[in-house]
Structures are given as C-alpha cells and as structure tokens.
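Next come the chains, spelled out residue by residue.
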Amino acid sequence: MNTRIYHSGLPIAPENRAYLERPRVHRLLADAVQSPLVVISAGAGYGKTQAVYSFLQQYDAATTWVQLSERDNLGARFWENFARTIMLYDKHFAERLLEVGFPETEDQFMNYLSIPEDEIPFNEKNVIVFDDFHLLENEAVLRFVRRSIRLPFPNLTTIVISRAEPDVNIVGMLAKGLVVSVSEDDLRFTEEETARYFQLLGVPLTGRGLANIYNDTAGWAFAISLVGLSLKQAPSQEREARAAMKLNIFKMIEDEVFLAASEKLRRFLIRLSLIDHLSTDLIPLLAEDKGLVGEMKKISAFIRYDIYTQAYLIHHLFLDYLRQKQDVLTEEEKRGTYLKAARWCDANDYKMDAVSYYEKAGEYEPIIDIVYHFPLQIPMDPAKFILGVYERGPRELLEGIARYHIQHTRLLLSLGRYAEAAAEIKGRIEKYSALPASDFNCQVLCGAYEALGFAKHFDAPRSDCYDFDLALEKADEYYRLSPYPQSGAVTGISMDAWASRVGTARSGAMEEYIAALERAVPHMENVLNGCMAGLDDLAKGELQFYKGRLELAEKFITQALYRSEARKQYEVRNRALFYLLRVGAAQGSYERTQEIFRQLEAQLEFTEYLPRFTTFEIVSGWYYAMIGQDQNVTAWIKGNFAPGALGVFNASFGNVIRARYYCVSRRYGELLSFIESEQSLSGALFGRLEMKALEAVCRYQLKQKDAALAALGKAYDLAHSNGLTMPFIELGKDMRALTAAAARDGNCPIPRSWLETIGRRAATYAKRLAIVAAAYKKAHNLSDGDARLSPTELDILNDLYRGVSRSQIAADRHLPINMVKMVQNSIYMKLGADNPADVIRIALSRNLIRALP
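Caption draft 1: Structural view of the nonpolar core. Judged by nonpolar contacts, the single largest core of 132 residues is most densely connected at L538, W622, Y623, L671, L712, F728 and M735. Setting aside residues up to four positions removed in sequence, M735 forms contacts with A693, V697, L712, F728, I758 and A762. Formed by 55 residues, the second largest nonpolar core is a distinct cluster that contains Y312, F318, W344 and L411.

Caption draft 2: A look at the pattern of salt bridges. Scanning the entire structure with this criterion turns up 40 salt bridges. Between D369 and R403 there is a salt bridge, and its shortest N-O distance comes to 3.9 Å. Of this pair, D369 sits in helix 19 (residues 365–372) while R403 sits in helix 22 (residues 402–414), placing them 34 residues apart in sequence. Here D369 falls in the partly exposed class, since its relative accessible area comes to 26%. The buried category is assigned to R403, whose relative accessible area is 15%. Salt bridges here are not isolated pairs; linked through shared partners, they connect E518, E525, D536, D537, K540, R563 and R567.

Caption draft 3: Fine view of the pairing of strand 5 (residues 156–162). Along strand 5, seven of the seven residues are buried, which leaves the element largely enclosed by surrounding structure. Residues of strand 5 alternate between two faces, with L156, T158, V160 and S162 on one and T157, I159 and I161 on the opposite face, all of them buried. Bridge count between strand 4 (residues 126–131) and strand 5: five bridges; the pairing is parallel. Considered in strand 5, the bridge of N126 is made with L156.

Caption draft 4: Molecular detail of the packing of aromatic side chains. A complete count under the given rule lists 40 aromatic pairs for this structure. Each residue in the set F545, Y546, F578, Y579, W622, F653 and F686 is aromatic and connected to the rest through ring pairs, giving one cluster. When the ring centre of Y372 is taken as origin, the NZ or CZ atom of R403, which lies over that ring, is 4.9 Å away. Geometry around F556 places K555 over its ring, the cationic atom sitting 5.6 Å from the centre.

Caption draft 5: Here's a closer look at the environment of D327. With respect to the helices and strands, D327 occurs in the loop between helix 16 (316–323) and helix 17 (331–347). On the basis of relative accessibility, which here comes to 64%, the residue D327 falls in the exposed class. Separated by 57 residues in sequence, D327 and I270 place their C-alpha atoms 9.3 Å apart.

Caption draft 6: Spotlight on unusual backbone geometry. A positive phi angle, close to 55 degrees, is found at D464, a residue other than glycine. With respect to the element layout, D464 can be found in the loop between helix 24 (439–463) and helix 25 (468–481). Judged by relative accessible area, D464 falls into the partly exposed class, the value being 27%. Phi is positive for K568, close to 60 degrees, though the residue is something other than glycine.

Caption draft 7: Local environment of the confidence of the model for the chain. Across the chain, pLDDT averages 82, with 83% of residues at or above 70. The low-confidence segment residues 9–19, where pLDDT is below 50, has 15 contacts with residues more than four positions distant or belonging to other chains.

Caption draft 8: Main features of the packing of helix 18 (residues 351–361) against helix 20 (residues 380–392). The geometry of helix 18 relative to helix 20 is characterised by a closest axis approach of 11 Å and an angle of 10 degrees between their N-to-C directions. Our classification of the angle between helix 18 and helix 20 gives roughly parallel. Mapping the contact onto sequence places M352, V355, S356 and E359 in helix 18 and P382, F385, I386, V389 and R392 in helix 20.

Caption draft 9: Region of the structure containing the packing of helix 36 (residues 705–719) against helix 38 (residues 732–744). Axis separation between helix 36 and helix 38 bottoms out at 11 Å; the angle between their running directions is 100 degrees. Overall, the two elements helix 36 and helix 38 adopt an arrangement that is roughly perpendicular. In contact with A708, L709 and L712 of helix 36, helix 38 contributes M735, L738 and A742. For the contact of helix 36 with helix 38, the residue count by class is six nonpolar, no polar and no charged.

Caption draft 10: Quick look at helix 20. Here helix 20 spans 18 Å end to end across 13 residues, near enough to the 18 Å set by a 1.5 Å rise per residue. Restricting attention to buried positions, one finds in helix 20 the residues P382, A383, I386, L387, G388, V389 and Y390. Elements in contact with the buried residues of helix 20: helix 18, helix 19, helix 21 (395–399) and helix 22.

What counts, and where the lines are drawn
- Residues numbered from 1 in each chain as written.
- Predicted model: local features only at pLDDT ≥ 70, side-chain atom pairs only at ≥ 80, totals over all residues.
- Heavy atoms only, no water.
- Core = buried A, V, L, I, M, F, W, Y, C linked by side-chain atoms within 4.5 Å.
- Buried < 20%, exposed > 50% of the residue type's maximum accessible area, 1.4 Å probe, protein only.
- Contact = heavy atoms within 4.5 Å.
- Salt bridge = Lys/Arg side-chain N within 4 Å of Asp/Glu carboxyl O.
- Helix = DSSP H or I, 4+ residues; strand = E, 2+ residues; numbered from the N terminus.
- Pairing = 2+ DSSP bridges.
- Phe/Tyr/Trp six-rings, centres within 6.5 Å; stacked < 30°, edge-to-face > 60°.
- Lys NZ or Arg CZ within 6 Å of the ring centre and 35° of its normal.
- pLDDT = per-residue confidence, 0-100.
- Axes fitted to C-alpha atoms, helices over the stretch in contact; angles between N-to-C directions.
- Parallel < 35°, antiparallel > 145°, perpendicular 65-115°, else oblique.
- Nonpolar A, V, L, I, M, F, W, Y, C, P; charged D, E, K, R; others polar.
- Expected span 1.5 Å × (residues − 1).

Next comes the structure, spelled out in structure tokens:
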C-alpha cells in the first residue's frame, strides 16, 4: 500500500484516532473517492476531518491536505498555502504553481491550465482535501476551486470538508453522477458504533445507559467524546456524565457563540427556537433585517442550510440551549413570532403547523377558517389535533363564534364519537330554537341542522332511511335568514369508494337515495358554498355504471365532473375521473384512459384538496394493476390491508383497490383472509357485492369450486334485484371461467341466461382491457417486466438533470412542491436509485435524458 498524506499540520491528534476507525464510514468513503468530487458537509463536532484522515491513512493514494483558514480569503495567501502543501508532495509542480501565480482572471486561469500535462503529478491515484472550506468567502478563490474540481484528471479525487453546503455550484456534476455527498446523518455514530467506542475506552455500560447516552447525543461525535471523558473518570455515574456533557456544551455555546453574537441576533435565535420549520422564505420574514440572516449564517458550527429541504437546521443541543432562554422574550415577541410563522405556514399549506402557531398566538378565528375548508369528514389525525386545540381554548371566546359550534360537532362525527355528536346536535337545536331570533342564533341552528343532515346521510347504509335532505333543507332556511361570511369553497364531503350510501339490496332503494341527494345538494351548495356539487349526478352515473350501461353512465359522470370542478368539490371530481377511467378501460380506449390520467395528475395541483396524493395513488393503482404494470403500482397499495379502515374513507377506498390488486397478482389466500375478516364488511351495497364477486373468483382459482359457486350465488343475490353487472364483468377472464363452470353445474341456482350473458361480457371486457394494455406498452416502448417513467416523471427527471431545484420545478411547471417530491420519489423507486447521482447515472444509461436545447 502506497499511503502518503502531505499536510502543513496534523489535523487530528493521534490519541483520538481509535474511536474514529469506523468500518461503516470507511466503506462509505471508499465508495465515495471513486468519484471526482466528494462533498462532506456537517456541523462542528461531527468528526468530518478525523473520519477522512483516519480513512486516508489506510487508503492507497497520495493525499494533499490543504488546511484552510480565514486568511485564505486573500487570493495570494490561498495560493501560497495551496502551493506549499503541494510542495510536500511534488516540489517541481509547486514551484510551477508559484511561478504562474494565483489565477484571478480568465487569462491567468488559462495560463494555469497551460502547465504541461507531464508536469502535473496525477499519474497515480491522488486525493486533494480542502478542509474547513466554509471559511472561504473570496469570490476569486471560490471561482478557482469551482473550476479546478471540473478538470478531467481521471486519477484525482477532490474532497471538500465544510460546516455548510459549499458554494461550488456542483449541480452539473451531480447530474452526471460525478459527485458523492456525505452528510451529518452519514457521520452520526450509530448506537452500535457508540457502544464500540465506549468498549474501546474500557467503560462498561448497561443497555439502558447506552440508549440514554445515544438519545442525548443523537450520534454527535463531540458530545459522545465528552461523555466518554467523564465516564473514564467516574465509570458508574452515567447520568451525571450526560448532565456534565450538556453543561460543558452549553458553556461552550455560551462563550464561543452566544455571547459573541450581537444582542439582536441573540434574541432572534431565541425566537427561532419557538418554531420548527425554518424555511428560507420564513427566516427573512421573522428577521426583518437581512443583516441578521447574514450574521446567523456565520454560526455554521450549529446552524446549517439544507439544500434538499430548503430550510435551516439548528443542532439539537444548540436548540436545547436556546429554548432554556425563551423566558427572556416578551409576550409580545413570542406572539409576534408565532403569528408570523402561522401566517407563513397557512399561506404555504402547512395547515397543521399553522393551527399550532395560531393557537400559541391566541388567534382562533384563522383556525376556524382553516377548518372550514377541510372536507366535511375530517381525517382522523387532524380531527384529534384540532379538537384538542378547541378544548384547550378559551370557552367563552370560542362559543361566541357561530362556526365553532358546527365545527366541534363535525370533529366529533369525524372521530366516530356519534353519541356525543348526537347529544350536542339535539342540545343545540333545543337551546337555540327556544331563544329569540338573531343572526347568531340562526347561524348556530344552521350548523346544527347541517350536522344532523350529514349524520343521517352517513348512517343511511344502516338505517335504509333517506330523509337526510329534510335536515339540510332546514339548515338552508336558517342560512337564508342570516348567512355567515363565506371565504372560498368547502372542499366537500369525504367519500368512500362509492357515491352511494345505500346498504340494502332492496329494489328501489338506490333510486330513493338518489332522489334525496337531488333534493339535498342545492341546499348544501348554498349553505357551504358549493359543497356536494355534482354528487347527485355522480350517484346517477355510478348506478348506471354498475348496471353496465356505460354510455348513460358516462353522460351523468361527465356532468358530475364539470359541476364538481366548478365548485371545487375535489373528492367528487376524483371519483368521477375514476369511473371515467373504468369506462375507458371497458371500452378498450387507450386514448381515453390517458386523457383521464392527465386530468387526475392535474388534480394534484389543488393544494386545498388534502388527500390528493393518496387518492391519485389509489386510482392510478387500479389502472396499473388492471393493465399489468405492477411496477407502477405504489408500494403501499401492494402492502397489507389497512386495519380498522371501515369508516375511514380513503383507507377504506385503498383497501378496495388493494383487494383488486391482490386478485390480479394472484395473491388469493391473503385476499380471502381479508374478505373473511370484519375489515371488509363495508356498509355500502356496492362494496359487499364487489368483495363477494372477488371471493368467488379467488376460490375458483384455488380449486374450491363448491365454495366459489356459493360465493357467486350470494353475489348474484346482492346484484339481481337492481340489475348490477359490472362487478362481475370487470373480473374478465376469471369471471368468464367461473360462470362457464357454474353453467355446467346442474345444481347451480343462478339462471343460466344470466351466467351466459355475464360470461360473454366478461370475455369482451378482457379483450378490450388487453387492447389498452398493449397500447400502453407500445406507447412506452415496453417489453414485459420493464419499468417506465410517466411523461410527468420524464419532464421532472430532465429538469433535475439540468440542475433545476425542486422549488423552481414546481414554479416552472405550476405544480405543488409536494407533488414534485412525490414524483421524484417515484423516479427513485422505478429506477432503483438511492441518491440524485444514482438517478442521473441510471437515466443516462437508459437514454432517458433529452438532449439539451
């Protein structure tokens, strides 16, 4: 091994080296130095220098270690430092560098490049390390480093060690897979490495003691070493050692960072400790002074900028230190900070953070406005959180806000606390009906009857009663007497997989439900600014779809699509697109399915539609599963059935599509286990019918003929009184085989004519679906087993290759930032990539990158 390290001063004390010999980090660096550039970015005390030095001592290469300081911001001084470090390795080349001088101008840089190749000592493997790169601010010096790291020396690797993201503009190299980044998370000690370190020190630790130290230090090398020093002196005093570690670090922070900062910066840093998400957009709003932000950036030992999240990250122990000082802030300072953070979060769709900060600022009207725009069935976690906010809030203040009353009831209903909600509704109607008419009383009564109507609507599958429209009509009457201000559309009623809330197979029940919907929807469109718009047309189209009348279904569903889009009823719109996608597949129209898919993707732009990514993945999962593109089905759809999903609408919707995926992927046993469990017992007739039809084909495929025919008979009983056929037809060849077997069975009670009709139509469906699948493969140049990117994924992949940031991609393509993140994660999954460099390398090898214009 030809290991040589040339440096002007030993970067690490020999006695510290033992704990730095970490095989995991060494393997990471061994892979990294195969690239032309390695960027190691982490705060102070993460062992950046020690880890690299320890690795290079064992690595077969000649290393030039350039130790930087603030004095290197003078170009001439930097050049002397650089050249004299090179001189330790190659005196002649260093003299040539000094002769050429610091290349400050373009001509001087070209003169530097003109040094003959045979004078450049990079014929063997060489590593150049620039340590403490964060100290460089001189643009001329930075420009030299930026250009130098791009020079094509195949045997040279440059390692940049910095406390902050280095200003070397590496996007182009990153896109070509020429850069490896090593972060704080990579350098953190794992719990196993922490245990190994204490073993090397000869300090015995219990499992609990080790866990406590690891939790306190979060793998920070500096903190671990302080605990180690204390435990060497008093091995049994683990708790005291942890406390001493914090005390020593806090003292260091106090002396070297906090007291060295200006008074304005100190108070600003303490204010930052009040909030969690330190976005680059939010920080200037809180600072109100660009100079403060610049001063803050210099504390790179404990505060760093993360280019991936586009936010500042504060070291956890520095954060603990700052939080201990929050009592120096005035209540006005705290409230102002919370209020600015809340408004920023609200405007940028961090709604739960906004609610939290508004609560801390004592502002409840904005919270009520946020909840107003939630779906009527609020998801479980947000509902629990917001109910807690309301229950902690000032009762008198909240009860003086009319919309609070309906929201409190909605939260109870969303959490399944039906008895409490019913009692609350009854009590409000009795109380406020007995009071003299006033605007406030009318508004509370409007909300109470609204809640009563939705409770009845939700209970319809059990009650088989469809008079929910009467309560909603009463709500509309009170609303017309005293309308409260409306600020934008309510995003609508939450839905299961189906628009219908009918649970019985009774003939005529579907029509009764639809008639009630037709009466109810106009009232809710008025009271809640468009809520439920199109739901009645969707229910009509859904029924016709399940009857197999595709043209009539398409007519009603298209009407639902337009009405829901106009009134921002995203859940209705999503289900309408889902049915149109199914119609297109049943008609064998690939072009139609792609048009619908584009509309589904467009819905991801609607940031106020909270479950948009979930519902998109559910619907696209159905489509990809049906056309045999398993690799495009999102991972969670392929996973286990969601427990307790009944009544949790999107979880239940996901289970329905997961069941279909299990069927087409031949996971019959797992699917039957789910169908036999209580989880699958949907209250909706369509849900029970689909599950029973799936059970029949599963059992037939498993050679359980008698059980399959019994399940088919039960499915027929659920379907025939209302003429429902599509749940059978969409099972294609599997249903064709089952109905043929049933027709041959002399004991099967199902009418032979029905079996033959279903078998024939199921076979036709299978052929048309095969046409769509073949067209998809052709359009994406697929052979069996290939994983291809969607047009949106290809566009974003090419943007990433060109070095465009996620925020800029979102702005340029008019997409929400979360959609860009979701698409980027999908690209990673499909290409089997672990990091940005991997993505670009794989994409280039598959010719997925378009030529630059």
